[in-house]
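Spelled out from the first residue to the last, the chains are:
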Amino acid sequence: MKALDKLVLRLTEEAEGRQGSLFYILNGINEELGYIPDEAVLPTAENLNISKAEVYGFLSFFRNYKTDAAAGGAYHKIVVCRSESCEASGSKQLLEHIKISLNLDFGKYSPDGKYFLDYVYCFGHCASSPAVAVDGILYDKVTPEVFDKIIKNLDFNNLEKPVELKSQSLIFKRCGNINPLSASDYADNGGFNALRRVIGEIKSKGDEGKLLFINELKQSKLKGRGGAGFPAGIKWETVFKEKSAVKYIICNADEGDSGAYADRIILENDPVSV
Ligand code: FES
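Below is a summary of the structure that appears in this document. By convention here, each chain's residues receive numbers from 1 onward along its written sequence. Note on the predicted model: pLDDT of at least 70 is required for a residue's local features to be given, and 80 or more for side-chain atom pairs to be given and counted; whole-chain, interface and lining totals, by contrast, use all residues. Computation of side-chain values: all heavy atoms of the structure, hydrogens and water removed.

Turning to the overall build of the chain, a few remarks are in order. Within the chain, the secondary structure is distributed over twelve helices and four strands. Exposure is judged per residue with a 1.4 Å probe applied to protein chains only, and the accessible area is read against the type maximum: over 50% gives exposed, under 20% gives buried, and values in between give partly exposed. Looking at the chain residue by residue over its 274 residues, the buried ones come to 32%. Here a residue-residue contact requires only that any non-hydrogen atoms of the pair lie within 4.5 Å. A sequence separation of at least 24 residues applies to 54% of the contacts in the chain between residues at least 6 apart. Carbon and sulfur atoms form 54% of the exposed surface of the chain, whose accessible area is close to 17200 Å². By definition, any uninterrupted DSSP run of H or I lasting at least four residues is a helix, any uninterrupted run of E lasting at least two residues is a strand, and each is numbered from the N terminus. Accessible surface is estimated by sampling points in the Shrake-Rupley manner with a 1.4 Å probe; for residues, cover comes only from the protein chains shown.

The structure is reproduced here in structure tokens:
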């Protein structure tokens, strides 16, 4: 009996009576050999009395499995966000650059087996798009040039000191660090500063103070991240000009972007900021 068949048989015996025996066997082969050779598919299917198609289906669904020997050993996993905010900020061009420069495609290893490319729909870092994770470290505002620097510093033989490109949270900086139900916790951690300033301007200058604030907002080029990218300053100016005694603020907390959790993260962890 060949060594591979023996390995599959041993794993099948160990998996007996467990739930997810196919998962157990494939994980075992992957751990033992560093990849799952094609020759392992038939004995695995026969031992479990399932079809080869089921084993292949499993392998292609869980794309982390390596299926060729060239991909054995260490590799760097690159995960790119393909959701709206990141796409609007250049992730498509970035992806093209990654695919061409490292000879990669989604769910595949580079020919030298050093890199694997995958994607997600939103890391929750939409405010700092485009976001890319490399070996589990999230990087924000990644341009092709920044990506090249990250890869250069990952190079197996490159002993240069890594450049500091790790994510610095701005929008989520209080998340997990304060009691979300405490307004004083929020205030003690930089909350209300801008609001206090704006109210101070309005109190001392009236409508002129309001216009100063709106102009500052327009100059900042702050815009919505809901897909349309509408300038916030123009939105506030429109509301300001509206002749009405009472104006209502409605907060849209719908996470319309599938697989996106940025709004949820803020509402659950830093709701007073909203
Ligand atoms: S859209 Fe890319 S991190 Fe949210």
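Now for the packing of aromatic side chains. Side-chain rings of Phe, Tyr and Trp, where Trp is taken by its six-membered ring, are said to pair if the distance between their centres is within 6.5 Å; with planes under 30 degrees apart they count as stacked, over 60 as edge-to-face, and otherwise as tilted. Per the stated rule, a full pass over the model turns up six aromatic pairs. Look at Tyr-109 and Phe-116: their rings are 4.6 Å apart centre to centre, the planes differ by 50°, and that puts the pair in the tilted class. Side by side, Tyr-109 and Phe-116 carry an identical accessibility label, which is buried. Judged by centre distance (5.7 Å) and plane angle (70°), the rings of Tyr-119 and Tyr-121 are edge-to-face. Take Tyr-121: its relative accessible area is 40%, and that puts it in the partly exposed class. Connected via pairs of aromatic rings, a cluster forms that spans Phe-106, Tyr-119 and Tyr-121. Over the face of the ring belonging to Tyr-119 we find Arg-82, whose NZ or CZ atom lies 4.6 Å from the ring centre. Working rule: Lys NZ or Arg CZ, within 6 Å of ring centre, within 35 degrees of ring normal, means a charge sits over the ring.

This part covers the pairing of strand S1 (residues 76-81). Most of S1 sits inside the fold, with five of its six residues counted as buried. Pairing between strands is defined by DSSP: at least two bridges between them are needed. For S1 and strand S2 (residues 115-120), the ladder comprises six bridges, and the chain directions are parallel. What sits directly across from Lys-77, in S2, is Phe-116. When S1 meets strand S3 (residues 132-134), the two strands line up antiparallel, connected through three bridges.

Taking 1.5 Å per residue as the helical rise, helix H1 (residues 3-15) with its 13 residues ought to reach 18 Å, and the 18 Å between its terminal C-alpha atoms agrees with that figure. Every buried residue of H1 is listed here: Leu-4, Leu-7, Val-8, Leu-11, Thr-12 and Ala-15. Here the buried residues of H1 occupy an arc of 135° about the axis, which is enough to place them on one side. Away from its buried face, by an angle of more than 90 degrees, H1 presents the exposed residues Ala-3, Lys-6 and Glu-13. Contacts made by the buried residues of H1 are with helix H2 (21-33) and helix H3 (41-48). One or two residues past the end of H1 sits Gly-17, with phi positive at roughly 85°. A helix is expected to span 1.5 Å for every residue after the first. Picture the helix axis, draw a direction to every C-beta atom, and the arc is the one those directions span.

Attention now moves to helix H9 (residues 193-205). Taking 1.5 Å per residue as the helical rise, H9 with its 13 residues ought to reach 18 Å, and the 18 Å between its terminal C-alpha atoms agrees with that figure. Directly after H9, the chain includes Gly-206, whose backbone phi takes a positive value near 65°.

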